[in-house]
Amino acid sequence: MGTIPSETIEQIAAANDIIEVIGSYFPLKRAGANFKALCPFHQEKTPSFMVSPSRQTFHCFGCGVGGSVFRFVMDYEHVDFPSAVRKLAARSGITIVEKRGAADEERQYETRGTLLKLHAEAAEWFHENLVKREVGEPARKYLKKRGITAEIAKRWQLGYAPDEWDALGSWARARGYDARDLITSGLVRTKDEADSDQNQISNLKPQTSYDRFRGRIMFPIHNDVGEVIAFSGRLLKDEEGAAKYLNSPETPLFRKGNVLFGLHKTKRALIEADCAIVCEGQIDLISLFEAGITNVVAPQGTAFTENQARILKRFVDEVVLCFDSDAAGAKAAERSLDALLQNDLIVRVVELPVGEDPDSLVRREGKEKFENRVASAQDFFDYWIEREMEAADVSSLGAKMQVARRLAETVSRVHDPLMRGEVVNRASARLGVSPADFGTLLSTRPRGTASSEGPESARAQAAPGPRHDIAMLCLLALRDEPARNFLLAQNWRETLEQAPDAEILIRILQSELHPDDPASLSAFMATLPPAEEALVSAWLLQKVPAAAETMVEKWWLGIRHAVLRRRLKAAQNRIRLPELSTGDIVNLQKQILDLQEQLREFSQPAGAADN
Ligand SMILES: [Zn+2]
């Protein structure tokens, strides 16, 4: 990826007033010099979310998030930094010229660009095959039979890949894409498909490759910002030995386990509902969405991966699985469980009538009935306990123990202690054993590592913050021009590199920010990791202490004093070590004298050093 020059970031920050940007998402109320609102990032009844027009920052004193206008768009829209910058640039009509990095980075950037363009154009070509060309007739008929109108096909840019070996390949070559691009994109594969040797691929002649997707309805798969990055193709005519669904392979654009189908269209609805309906297929998702049930996602493939679950957790706390009622559906549900529970998602299950899928059901019953099914969906554990108990003869003690052990294994995956206790109670009641006995079956191995950080750990929280003296200097260096200049005139780098906890102050001093220019503050904040950005946003909302100039000197001298004392102590310890050379000893003695001399200056009354 190219990097966006900091001047451009500043320019974009200056052109996007944070009050207007945040105010376009939800109303802000004036509160003195600032604006306030109920925090969109945590549940609260009284507003602790503050926005400062003069500093151009936001900060929530409830959950600790905060930062520049870019951070807000990133957190609120769930997009990465470059996307947030592009969004705000577009909002204010600024064009971004990205600086490129090293040759390697540049090549990657170009490959990505080519692949994105190829995917966008291929999606359009597949779509035109479906809606305009003769070859798409059987696919049109099929979709019509499944209730997918031309408008829906257009909204989701559905397409058709002709049942030919080189239809896409020859179309793409005619547009100037070379064999290597096509193979890297995964749209075309080599004859020797097991061969993944990159060197050989670059020497390929066109005729040694063929289209991956043939005779398939094509569903474009999008990333967060709505760019096509892969495809899923459904076989039009069932063929023996051919997979019904085929996905793009892993490419520089597409990591299968990281993408949820439909997310670019459904994320707002997910956040609003705080609940995701998960269905298996693309058609299920499209049908539900078009019927007005919009908080839906579909994993690519059968079960949830760890990454998909983590992505989902950013949007919702609860997941309702809507898998087919057959054995395969139940298996998919069970396999999804691990990832979902580890991310502390509440999981419920809709039991579909035999032979139905979400698509057929919502068509037959309509939106309201389907919503009722979702609302009354069983808790996953109840559903699971039910199924296990039905399958086993629990009148025999041996069979009962076996069920108990299997249940315990699943319950062990829950790492939220409250949720775990609740499930243990229910499972043990159902089995007719005491919770304590059931508890002995649970594995004590803690799952996941983030559990101790509490429920908010996924989000950028303000770090505990540095020591008070460093924090005061950070505040002053951010807010007060004379104080900042005072610090810059000292040997700040040398001193702070030896002071504990001072990394953030070093960052503040080495950046080219201007305390009175909010755009430069925004550009600076954009260089920080989220926890530090949240800290800075808190400092920016604090009052600058009166008498900043004497304060800065006092805090600075305190830190300098401590550093000198520590260095002196270290040198005095070192000189007692055995086996020092005479040269070492002389050097250390000199150091000690020098440090003692410097420290003596501190005992003179403050202010005597200058003038
Ligand atoms: Zn908050």
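Residues numbered from 1 in each chain as written. Predicted model: local features only at pLDDT ≥ 70, side-chain atom pairs only at ≥ 80, totals over all residues. Heavy atoms only, no water.

1. A look at the overall build of the chain
For the chain, the helix and strand inventory stands at 28 helices and 17 strands. Buried positions account for 47% of the 611 residues belonging to the chain. Total accessible area computed for the chain in this model is approximately 30,200 Å², and 50% of it derives from carbon and sulfur atoms. (Helix = DSSP H or I, 4+ residues; strand = E, 2+ residues; numbered from the N terminus. Buried < 20%, exposed > 50% of the residue type's maximum accessible area, 1.4 Å probe, protein only. Areas by Shrake-Rupley, 256 points an atom, 1.4 Å probe, with all protein chains shown as cover.)

2. Some points on the packing of aromatic side chains
Under the counting rule described, the total for this entry stands at 22 aromatic pairs. Where Phe-70 meets Phe-81, the ring centres are 5.8 Å apart and the plane angle is 70 degrees; that geometry is what we call edge-to-face. In this pair, Phe-70 is assigned in helix α3 (residues 69-77) and Phe-81 in helix α4 (residues 81-91), connecting sequence segments 11 residues apart. Residue classification places Phe-70 among the buried positions, given a relative accessible area of 1%. Among the aromatic side chains, those forming a connected cluster through ring pairs are Tyr-25, Phe-26, Phe-41, Phe-49, Phe-58, Phe-72 and Tyr-76. The residue whose ring lies beneath Lys-265 is Trp-156, and the NZ or CZ to ring-centre distance is 5.1 Å. The side chain of Lys-554 reaches across the aromatic face of Trp-555, ending 4.3 Å from its centre. (Phe/Tyr/Trp six-rings, centres within 6.5 Å; stacked < 30°, edge-to-face > 60°. Lys NZ or Arg CZ within 6 Å of the ring centre and 35° of its normal.)

3. Some points on unusual backbone geometry
Unusually for a residue other than glycine, Gln-56 sits at a positive phi of about 60 degrees. Assignment of secondary structure puts Gln-56 in the loop between β3 (49-52) and β4 (57-60). Gln-56 sits in the buried class, given a relative accessible area of 10%. Phi is positive for Asp-501, which is not a glycine, with a value near 75 degrees. Judged by its relative accessible area of 35%, Asp-501 falls in the partly exposed class.

4. A short note on the side chain of Ser-336
Tracing the backbone through its elements, the reader meets Ser-336 in helix α14 (residues 327-342). Reaching out from Ser-336, the side chain makes a polar contact with the backbone nitrogen of Phe-304 at a distance of 3.3 Å. (Polar contact = N/O pair within 3.5 Å; in protein donor to acceptor, adjacent residues only side chain to side chain.)

5. Some words on the pattern of salt bridges
Tallied over the entire structure, the rule returns 27 salt bridges. In this structure, Arg-364 and Glu-356 form a salt bridge, with 2.4 Å as the shortest nitrogen-oxygen distance. Residue Arg-364 is classed as exposed on the basis of its relative accessible area, which comes to 57%. Under the relative-accessibility criterion, Glu-356 is labelled buried at 15%. One network of salt bridges, with partners in common, ties together Asp-379, Asp-382, Glu-422 and Arg-426. (Salt bridge = Lys/Arg side-chain N within 4 Å of Asp/Glu carboxyl O.)

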